[in-house]
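Report on the structure
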Amino acid sequence: MLRERSWLAVGGAVVTLAVAMTLQATTPPPEALAKKNPIPQARRVPVIVELFTSEGCDSCPPADELLSSFDRDQPIPGVEIIAMEEHVDYWDDAAWRDPYSSRALTTRQNDYGRQFRIDDIYTPQAVINGQFQVLGSDPRLVRDAITRAAKGAKATVDVEFQSVSVARVKVDHIPADAGLCDVMLAVTENKLVTSVTGGENRGRKLLHTGVVRSLVSLGRITPDSPASYTMHLRFKPNWKRDNLKYVVLVQDRASRKILGATAVTP
């Protein structure tokens, strides 16, 4: 993760916003109120699905396709499924090296393995909101875990872009029973295609959704210390900006439960 910091600068500071309100002496007509104050739409509950996968694993493409379908179709009412396809590096060898693989993501999967008391990590593994782990290619198991993870109190995470390269992140309403939490920023990219020329998937064209290009920490917070951050964003030349998403998530350091999240496009 530390090697990513050279191209993504993050500055953290708590900001207090003062809102000035002016009162009008006259009452606007009902039609004006209707235009200014539309009925608010119910906010969907964000659920993070982390798929640990590899292009060197021939059982992973079905899981990659399943994650893509959940991201595209959003099949669970009231839930926003946020896809994070995380490519590990322990499948890399002389026959094929996954171009999206990362030792940092392998470390993240190992951390989950210890939390779930799994002797051997594996692919394709889906971790849902840091709470549940299931076989990533099983639609029923993944869907059931997403539905369960959507229940319960959630922190609110809001991102507002102030320019193409500067954004503000605000985190609030962290559940009271949470401990010290990490606020993490992931940059993900859709519509990535690889023609594999070696290894178990030789000769296949693989399509990827939500590939994690970067995952860094913005800071740490507790339930009694909501915070705001300013992010100064830079991009690597081989990333396609139109296909990027920024995922901000709040994760309890002890339980690894993801307490809140949001995904926005630049």
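The structure this text deals with has already been given above.
Here's a quick rundown of the structure. Just so you know, these numbers come straight off a predicted model, no measurement behind them.

Criteria and cut-off values
One numbering rule holds for all chains: residues counted from 1, following each sequence as written. Side-chain atom pairs in this predicted model are given and counted only at pLDDT of 80 or more, local residue features only at pLDDT of at least 70, and totals for whole chains, interfaces and linings cover all residues. Side-chain calculation: all heavy atoms of the structure are included, whereas hydrogens and water are not. For the purposes of this entry, the term helix denotes a DSSP run of H or I that reaches at least four residues, the term strand denotes a run of E that reaches at least two, and both are numbered from the N terminus. A contact between two residues is defined here by any heavy atoms of the two lying within 4.5 Å. One fewer than the residue count of a helix, multiplied by 1.5 Å, yields its expected span. Partly exposed residues are those whose accessible area sits between 20% and 50% of the maximum for their type, while under 20% is buried and over 50% is exposed, using a 1.4 Å probe and protein chains only. Grouping buried Ala, Val, Leu, Ile, Met, Phe, Trp, Tyr and Cys residues that are joined through side-chain atoms within 4.5 Å yields what is termed a nonpolar core. For this analysis, a ring pair means two rings from Phe, Tyr or Trp (six-membered ring only for Trp) whose centres lie within 6.5 Å, classed as stacked if their planes differ by under 30 degrees, edge-to-face if by over 60, and tilted for the remaining angles. Geometrically, a charge over a ring is one whose NZ (Lys) or CZ (Arg) sits within 6 Å of the ring centre while staying within 35 degrees of the ring normal. The rule for a salt bridge is simple: a side-chain nitrogen of Lys or Arg has to be within 4 Å of a carboxyl oxygen of Asp or Glu. Read the arc as the range of directions from the helix axis to the C-beta atoms. Strand pairing is assigned whenever DSSP identifies at least 2 bridges connecting the two strands.

With that out of the way, let us pick up the environment of alanine 155. Tracing the sequence through the fold places alanine 155 in the loop between helix H4 (139-149) and strand E6 (156-161). Distance in space between the C-alpha atoms of alanine 155 and aspartate 172 is 5.9 Å, their sequence separation being 17 residues. Setting aside its immediate chain neighbours within four residues, alanine 155 contacts Asp172, His173, Ile174, Pro175, Leu259 and Gly260.

In this model helix H2 (residues 61-73) runs 18 Å from its N-terminal to its C-terminal C-alpha over 13 residues, within 8% of the 18 Å that 1.5 Å per residue would give. Within the span of H2, buried status applies to Pro61, Ala63, Asp64, Leu66, Leu67, Ser68, Ser69, Phe70 and Asp71. Glutamine 74 sits one or two positions beyond H2 and adopts a positive phi of about 45°.

With that out of the way, let us pick up the side chain of aspartate 89. For aspartate 89, the position within the fold is in the loop between strand E3 (79-87) and helix H3 (103-115). Ignoring any residue separated from it by four or fewer positions in sequence, one finds aspartate 89 in contact with Ser101, Ser102, Arg103 and Thr106.

A word on the environment of glutamate 86. Inspection of the secondary structure assignment puts glutamate 86 in strand E3. In contact with glutamate 86, other than residues within four places in its own chain, are Glu50, Leu51, Phe52, Thr53, Leu105, Arg108 and Val212.

In terms of nonpolar packing, the biggest core is built from 26 residues, with Val169, Val171, Ile174, Leu185, Leu218, Ile221 and Val248 touching the most fellow members. Within the residue set of this core, elements represented by two or more residues are E6, strand E7 (166-172), strand E8 (181-189), strand E11 (211-221), strand E12 (227-232), strand E13 (244-252) and strand E14 (258-264). Membership of the second largest hydrophobic core comes to 20 residues, among which are Leu66, Ile76, Val142 and Ala145.

Looking now at the packing of aromatic side chains. Enumeration over the complete set of coordinates arrives at four aromatic pairs. Aromatic side chains phenylalanine 235 and tyrosine 246 sit 6.5 Å apart centroid to centroid with 40° between the ring planes, which places their arrangement in the tilted category. Within this pair, whereas phenylalanine 235 is found in the loop between E12 and E13, its partner tyrosine 246 is found in strand E13, the two being separated by 11 residues in sequence. Judged by its relative accessible area of 1%, tyrosine 246 falls in the buried class. In this structure an aromatic cluster arises from ring pairing among Phe52, Tyr112 and Phe116. Positioned above the aromatic ring of phenylalanine 132 is the side chain of arginine 148, whose terminal nitrogen or guanidinium carbon lies 4.1 Å from the ring centre.

Now for the pattern of salt bridges. Counting across every chain of the model gives 11 salt bridges. In this structure, the salt-bridge partner of aspartate 111 is arginine 114, at a minimum N-O distance of 2.3 Å. Here aspartate 111 and its partner arginine 114 are both found in helix H3, three residues apart, which amounts to about one turn of the helix. Judged by its relative accessible area of 57%, arginine 114 is exposed. The residue arginine 140 makes a salt bridge to aspartate 144 at a minimum N-O spacing of 3.6 Å.

Now for H4. Side chains three or four residues apart in an α-helix point the same way, a direct result of the helix having 3.6 residues per turn. For H4, the full list of buried residues reads Val142, Ala145, Ile146 and Ala149. Buried residues in H4, looked at end-on, bunch into an arc of 100°, giving them a common side. Looking at the packing, one finds that the buried side of H4 touches strand E2 (45-53), H2, E3, strand E4 (125-128) and strand E5 (132-135).

Within E8, nine of the nine residues are buried, which leaves the element mostly enclosed by the surrounding structure. The pairing of E8 with E11 spans nine bridges and is classified as antiparallel. Considered in E11, the bridge of methionine 184 is made with serine 217. Sheet analysis places E8 next to E13, joined by nine bridges and oriented antiparallel. Pairing of alanine 186 across the sheet is with valine 247, part of E13.

Of the two faces of E4, the one holding Gln125 and Val127 and the one holding Ala126 and Ile128 are both buried throughout. The pairing of E4 with E5 spans four bridges and is antiparallel. Across the sheet, the residue bridging to isoleucine 128 is phenylalanine 132, located in E5. Connecting E4 to the next strand, E5, in antiparallel fashion are three residues, including asparagine 129 with a positive phi near 50°.

Before going further, it helps to spend a moment on the environment of leucine 206. Residue position: leucine 206 is located in strand E10 (residues 205-208). Here leucine 206 falls in the buried class, since its relative accessible area comes to 5%. On a C-alpha basis, the gap between leucine 206 and serine 195 in space is 6.4 Å, while along the polypeptide they are 11 residues apart. Ignoring sequence-local partners within four residues, the contact set of leucine 206 consists of Glu55, Pro61, Leu192, Val193, Thr194, Val196 and Asn201.

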